[in-house]
Amino acid sequence: MKTISENRAFGGVQGVYSHNSAATGTEMTFGLFLPEASEEGAVPLVWYLSGLTCTHENAMVKAGAQRWAAEAGIAVVFPDTSPRGTGVANDDAFDLGQGAGFYVNATQKPWAPHFRMWDYVTEELPRVLFGAFPLAEEAQAIMGHSMGGHGALTIGMSFPGRFKSVSAFAPICNPTASDWGRKQFAAYLGTDEAAWAPHDATLLMKKRGFDGPILIDQGTQDQFLDLLKPEALAEAMATTRQGGAFRMQKGYDHSYFFVSSFMEEHMAFHAKAIYG
């Protein structure tokens, strides 16, 4: 593992690191904020999964998580959204290829050799983090924005007991019924829609739900509302009586201005779930 940078922030350290990934077959980069409390022992970890076109850097710089994480004594990891490099398949469209991994393991050409973000986020990167940094494996939560909100919800529901809480900002809620999902799932996973279902938060909510609290914020002026389909997930949560909250925030759009506006509440939500 290489240290790219480390900067003091809110009493802790915001680092950027890279390592060779067996899951993706590429060098992967991630950001990790460690609060001052980590100098005394292992601290809880919140995962932040970013959206389309993002790298590890977008949320690390724009979301404002470090201040509230420092106050709660919680670390935050910011993984990249896809494999990258000259030998990695790509597409001219912003919503497919590099920057658009969708947190799935691709099975189709030309994506299959490198686009294995599900394994990377759920298996490999956890091994790297818990092996190298003072983090408490039994005290994790997960959150994300847009495509990353989709990833946070699907991963959270697929690993019962791993995460104390899940939250999302404007997640892609029902990708099997949206152009933000059908296009990418067909490319990465093939045309058999049965392979898509485990990566649809609405379908997972109907099937199993989450074994902890969920918090979702969605802006009413989000320019991508028709692609996100929040009403599908809200209905599924109500039908299954999922514990948590789905909040429509009046006047907010899809940007990091929206994310940063509610980051304090999301970090407090996770801190409460982690510490009890």
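Quick caveat: nothing in here was measured; it's all calculated off a predicted structure.

Here is what the cut-offs are and how they apply
Residue indices follow the written sequence of each chain, beginning from 1 at its first position. Residue-level local features of this predicted model are given only where pLDDT is at least 70; pairs of side-chain atoms are given and counted only at 80 or more, and the full residue set underlies all totals for whole chains, interfaces and linings. Hydrogens and waters are ignored; side-chain quantities use all the structure's heavy atoms. Remark: nonpolar core denotes a set of buried residues (Ala, Val, Leu, Ile, Met, Phe, Trp, Tyr, Cys) joined through side-chain atoms within 4.5 Å. Buried means the residue's accessible area, taken with a 1.4 Å probe over protein chains only, is under 20% of the maximum for its type, while exposed means over 50%, and partly exposed covers the values in between. Going along the chain from the N terminus, every DSSP run of H or I of four or more residues is numbered as a helix, and every run of E of two or more is numbered as a strand. We call two residues in contact whenever any of their non-hydrogen atoms come within 4.5 Å of each other. In protein, a polar contact means a hydrogen-donor-capable atom and an acceptor-capable atom, both N or O and within 3.5 Å, with residues adjacent in sequence counting only if both atoms are side-chain atoms; elsewhere, any N or O pair within 3.5 Å suffices. Lines fitted to C-alpha atoms define the axes, with helix axes restricted to the stretch in contact, and inter-axis angles between N-to-C directions lie between 0 and 180 degrees. Should an angle fall under 35 degrees it is taken as roughly parallel, and over 145 as roughly antiparallel, whereas 65 to 115 is taken as roughly perpendicular and any remaining angle as oblique. Whether a crossing is left-handed or right-handed is set by the direction in which the near helix is turned from the far one by less than a right angle, anticlockwise for left-handed and clockwise for right-handed. Polar here means any residue outside two lists: the nonpolar Ala, Val, Leu, Ile, Met, Phe, Trp, Tyr, Cys and Pro, and the charged Asp, Glu, Lys and Arg; Gly therefore counts as polar.

Draft legend 1. The nonpolar core, seen in detail. Within the largest apolar cluster, 88 residues are counted, with the highest numbers of intra-cluster contacts made by L32, Y48, L129, Y188 and M263. With 8 residues, the top contributor of residues to this core is helix α9 (residues 256–275). When neighbours within four sequence positions are excluded, Y48 is seen to be in contact with A59, V76, V77, F78, P79, M143, H145, F169, Y256, V259 and M263.

Draft legend 2. Here's a closer look at the side chain of Q14. The residue Q14 is located in strand β2 (residues 12–20) in this model. Given the relative accessible area of 8%, Q14 is considered buried. Within the structure, the side chain of Q14 is placed 3.5 Å from the backbone oxygen of L32, a separation counted as a polar contact. With residues near it in sequence (within four places) discarded, Q14 still touches S5, E6, N7, A9, G31, L32, F33, M60, Q66 and F78.

Draft legend 3. Looking closely at the packing of helix α3 (residues 117–132) against helix α4 (residues 147–158). With their axes 12 Å apart at the nearest point, α3 and α4 run at an angle of 55° to one another. Taken together, the axis directions place α3 and α4 in an arrangement best described as oblique. The interaxial crossing formed by α3 with α4 has right-handed handedness. Of the residues in α4, those touching α3 at W118, V121 and T122 are T154, I155 and S158. By residue class, the composition of the contact of α3 with α4 is 3 nonpolar, 3 polar and no charged.

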